[in-house]
Amino acid sequence: MTRKRIAILGATGSIGTQALEVVRACPGWFEIQVLTAATNAEALIQQALEFLPKVVVVADESKYQEVKEALWGTSVMVMAGAAALEEVVQHAEVDLVLSALVGSAGLRPTVAAIKAGKDIALANKETLVMAGQLVMDLVHKHQVSLLPVDSEHSAIFQCLVGEDRNPIEKIYLTASGGPFRGKSRDFLSTVTREQALQHPNWVMGAKITIDSATLMNKGLEVIEAKWLFGLQTRQIDVVVHPQSIIHSMVQFEDGTIKAQLGLPDMKFPIQYALTYPKRVENSFKRFNFMDFPKLTFEQADTDTFHNLALAYRALETGGNVPCILNAANEMVVAAFLKDKVGFLQMSDIIEETMEVVHRIDTPSLDDYEDTDRKSRAIAGELITKSNKTYHIVK
Ligand code: NAD
Ligand code: MG
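Residues numbered from 1 in each chain as written. Chains lettered and ligands numbered in written order. Predicted model: local features only at pLDDT ≥ 70, side-chain atom pairs only at ≥ 80, totals over all residues. Heavy atoms only, no water.

**Student:** Before we go on, may I ask you to explain the coordination of the magnesium ion (ligand 2) in this structure?
**Tutor:** Each donor-metal-donor angle would ideally measure 109.5 degrees in four-coordinate tetrahedral geometry, or 90 or 180 degrees in six-coordinate octahedral geometry. Taken together, Asp150 (OD), Glu152 (OE) and Glu221 (OE) make up the protein donors of the magnesium ion (ligand 2), found 2.1 to 2.2 Å from the metal. In primary-sequence terms, the residues that donate to the magnesium ion (ligand 2) follow D-x1-E-x68-E. With Glu152 in helix H7 (residues 151-160) and Glu221 in helix H11 (residues 216-229), this residue pair connects regions lying 69 residues apart in the sequence. For the pair Glu152 and Glu221, a shared accessibility class is recorded, and that class is buried. (Donors = N, O, S within 2.8 Å, 3.2 Å for Na, K, Ca; no water. Helix = DSSP H or I, 4+ residues; strand = E, 2+ residues; numbered from the N terminus. Buried < 20%, exposed > 50% of the residue type's maximum accessible area, 1.4 Å probe, protein only.)

This is how it looks when you write it as structure tokens:
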């Protein structure tokens, strides 16, 4: 058996470290060729010493010396800087790139990997939110596989296996509802970063955890689903399912619904993306139906959580508008994590940014990056403005 040769972008994050657990759990299946991190040199060094990849990249150049010295005398080559991410994904000895960076930093390296003909396991949903049309055109042009890692999209993907292109009537993306499900806007106006970081079912990076609390994560996933599965907006429904056991569902034209179920553990969808089309035995904890005698469903509350409605609006408008939504969201989430804006102000700032930034119908990669920059600048100004009022309210 030939081992799949893998590059992991964002190896020190929540998805990256769980991917390495999958690699440990499936001995003989994978060879780690590339590992990258933003700033966490210590974790990257430990991973490099364990997996001995060909190359590691630390995006933060000030950490280069530390990593270089720690790996002195090993076979591991050390690189630094954002441009190195685009270079290493093209390495001849890489078959598949796991894109597990967070945020818009994922776009360029993922595009470079697709252009180099590499298969992609995509966790970085922001890539498809920002530039879905462009990325899917490249996927088709270079005939690479784009394998979803996001649990909902992995569920849909698994439901479609064996369907031989039978048309989809609609899909249901399940949402846990986050830590503030059922709460009022009054309550939300007072919530803190610490409360928002307590997700009921999943342990994830900080950005996606806040996105889950605001329902923006589901909004981003609606956009991601459109591009991955070639759907119209009206074919994508969201249903709140607080237990996070059904990971998502497909309804076919005969009215049949297929669902994919399991424990909320990202190692399962990560492993499926890495071993696809095969299923490989592991010893991860199994689901027990008696632990979940009740699976329940609710309507998503877009009156309270505006972000989900904003994401649908961005998707309907198209062009660079989802890219504006994404950039503004990254800014407000970073500000919320620094206690600079309130919970409810986040969607107000995103909405205002979407109204102000110039629209482009068919953006190029440069246009997307320009949109990202401009949207960040405008959202940044709005954050500074609202920061003044926020501290008075607090
Ligand atoms: P995280 O914050 O835990 O990890 C992010 C990783 O990317 C880290 O290794 C970090 O060093 C690296 N990174 C961050 N910014 C970078 C930059 N500018 N340049 C280079 N490297 C950078 O995030 P996460 O929770 O693992 O999420 C990663 C992606 O996967 C996100 O797009 C998220 O939406 C998606 N996702 C995550 C989960 C989950 O359970 N964590 C589930 C579904 C989808
Ligand atoms: Mg998800």
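After that view of the structure, there is still more to cover.
**Student:** I keep staring at the pattern of salt bridges and nothing clicks. Help me out?
**Tutor:** Under the counting rule described, the total for this entry stands at 23 salt bridges. Residue Glu50 pairs with Arg24 through a salt bridge whose shortest N-O separation is 2.7 Å. Here Glu50 is found in helix H2 (residues 41-51), whereas its partner Arg24 is found in helix H1 (residues 14-25), with 26 residues between them in sequence. By relative accessible area, which is 43% here, Arg24 ends up partly exposed. (Salt bridge = Lys/Arg side-chain N within 4 Å of Asp/Glu carboxyl O.)

**Student:** Could you clarify how one ought to interpret the pairing of strand S1 (residues 4-9) in this entry?
**Tutor:** As a general feature of sheets, a regular strand has side chains that alternate between the two faces. The pairing of S1 with strand S2 (residues 30-37) spans 5 bridges and is parallel. Residue Lys4 lies in a different strand from S2, and its bridge partner there is Phe30. With H1 bridging S1 and the parallel S2, this β-α-β connection has right-handed handedness. (Pairing = 2+ DSSP bridges. Right-handed = clockwise from strand over helix to strand, strands pointing away.)

**Student:** What am I meant to see in unusual backbone geometry here?
**Tutor:** Excluding glycine, residues mostly carry a negative phi; peptide bonds, for their part, are mostly trans. Between Tyr276 and the following residue, Pro277, the backbone shows a cis peptide bond with an omega angle of 5°. One non-glycine residue, Leu52, lies in positive phi territory at about 40°. Inspection of the secondary structure puts Leu52 in the loop between H2 and strand S3 (55-58). If you check the backbone angles, Arg165 has positive phi at about 65° while not being a glycine. Tracing the sequence through the fold places Arg165 in the loop between H7 and strand S8 (168-175).

**Student:** Explain the site of ligand 1 to me, please; I cannot follow it from the model alone.
**Tutor:** Taken together, 23 residues lie near ligand 1, and Thr12, Ser14, Ile15, Ala38 and Glu126 sit nearest. Contact between ligand 1 and Ala123: an oxygen atom at 3.4 Å from a main-chain N or O atom of the residue. Between ligand 1 and Glu126, the relevant distance is 2.6 Å, taken from an oxygen atom to a side-chain nitrogen or oxygen of the residue. For ligand 1, whose accessible area on its own is 830 Å², the fraction buried by protein is 85%. Looking at the shell around ligand 1 residue by residue, the classes come out as 14 nonpolar, 6 polar and 3 charged. (Near = heavy atom within 4 Å. Polar contact = N/O pair within 3.5 Å; in protein donor to acceptor, adjacent residues only side chain to side chain. Areas by Shrake-Rupley, 256 points an atom, 1.4 Å probe, with all protein chains shown as cover. Nonpolar A, V, L, I, M, F, W, Y, C, P; charged D, E, K, R; others polar.)

**Student:** Any chance you could explain the domain arrangement of the chain here in plain terms?
**Tutor:** Interface size is often expressed as the accessible area that is lost when the parts come together. The domain architecture assigned to the chain consists of domain 1 (4-148), domain 2 (151-306) and domain 3 (318-394). The gap between the C-alpha centroids of domain 1 and domain 3 is 27 Å. Counting residues at the interface gives 10 residues for domain 1 and 12 residues for domain 3. Where domain 1 abuts domain 3, roughly 930 Å² becomes buried across the two surfaces, and 60% of that area is made up of carbon and sulfur atoms. We note a salt bridge from Arg108 to Glu369, for which the minimum N-O separation is 2.8 Å. Between the two partners, domain 1 and domain 3, sit 3 residue pairs in polar contact (both at pLDDT 80 or more). Looking at the side of domain 1 that touches domain 3, the elements that each hand over two or more residues are helix H5 (107-115) and helix H6 (126-142). Of the residues that constitute the side of domain 1 that touches domain 3, the class distribution is 6 nonpolar, 2 polar and 2 charged. (Domains from an automatic or database assignment. Contact = heavy atoms within 4.5 Å. Buried area = accessible area lost by both parts, 1.4 Å probe.)

**Student:** How should the packing of helix H10 (residues 206-214) against H11 be read in this particular structure?
**Tutor:** Think of two packed helices as two axes; the pair is described by the angle between the axes and how far apart they sit. One can describe the packing of H10 onto H11 by two numbers: an axis separation of 5 Å at closest approach and a directional angle of 95°. Judged by the inter-axis angle, H10 sits roughly perpendicular to H11. Between H10, through Lys207, Ile208, Asp211, Ser212 and Thr214, and H11, the contact on the second element is made entirely by Met216, Asn217 and Leu220. Across the contact of H10 with H11, the residue classes tally to 3 nonpolar, 3 polar and 2 charged. (Axes fitted to C-alpha atoms, helices over the stretch in contact; angles between N-to-C directions. Parallel < 35°, antiparallel > 145°, perpendicular 65-115°, else oblique.)

**Student:** I keep staring at the sheet that holds strand S4 (residues 77-80) and nothing clicks. Help me out?
**Tutor:** Strand pairing in a sheet relies on backbone hydrogen bonds, with the paired strands running either antiparallel or parallel. Pairing within the open sheet is parallel, and its 7 strands lie in the order S4-S3-S2-S1-S5-S6-S7. Unpaired on one side and paired on the other, S4 and strand S7 (146-148) mark the two borders of the sheet. Averaged over neighbouring strand pairs, the angle between their axes works out to 20° when direction is ignored. With 3 bridges joining them, strand S6 (residues 119-122) and S7 adopt parallel strand pairing. Across the sheet, the residue bridging to Ile120 is Leu146, located in S7. Contacts from H2 reach S2 and S3 within the one sheet, and its direction differs from that of S2 by about 165°.

**Student:** In this structure, what is going on with H6? I would like to understand it.
**Tutor:** The α-helix winds at 3.6 residues per turn, so residues separated by three or four positions along the chain end up facing the same way. Relative to the 24 Å expected for 17 residues at 1.5 Å per residue, H6 spans just 21 Å between its end C-alpha atoms, considerably shorter than the ideal helical length. Within H6, 12 of the 17 residues are buried, which leaves the element mostly enclosed by the surrounding structure. Taken together, the buried positions of H6 are Glu126, Thr127, Leu128, Val129, Met130, Ala131, Gly132, Leu134, Val135, Met136, Leu138 and Val139. Following H6 by one or two positions, Gln143 has its phi on the positive side, about 50°. (Expected span 1.5 Å × (residues − 1).)

**Student:** It is not clear to me how the side chain of Gln271 should be interpreted in this structure. Could you clarify?
**Tutor:** If you trace the backbone, Gln271 turns up in helix H12 (residues 267-275). Its relative accessible area of 5% is what places Gln271 among the buried residues. Of note is the side chain of Gln271, whose polar atom sits 2.6 Å from the backbone oxygen of Val280. Setting aside residues no more than four positions away along its own chain, Gln271 makes contact with Val22, Cys26, Val280, Asn282 and Phe284.

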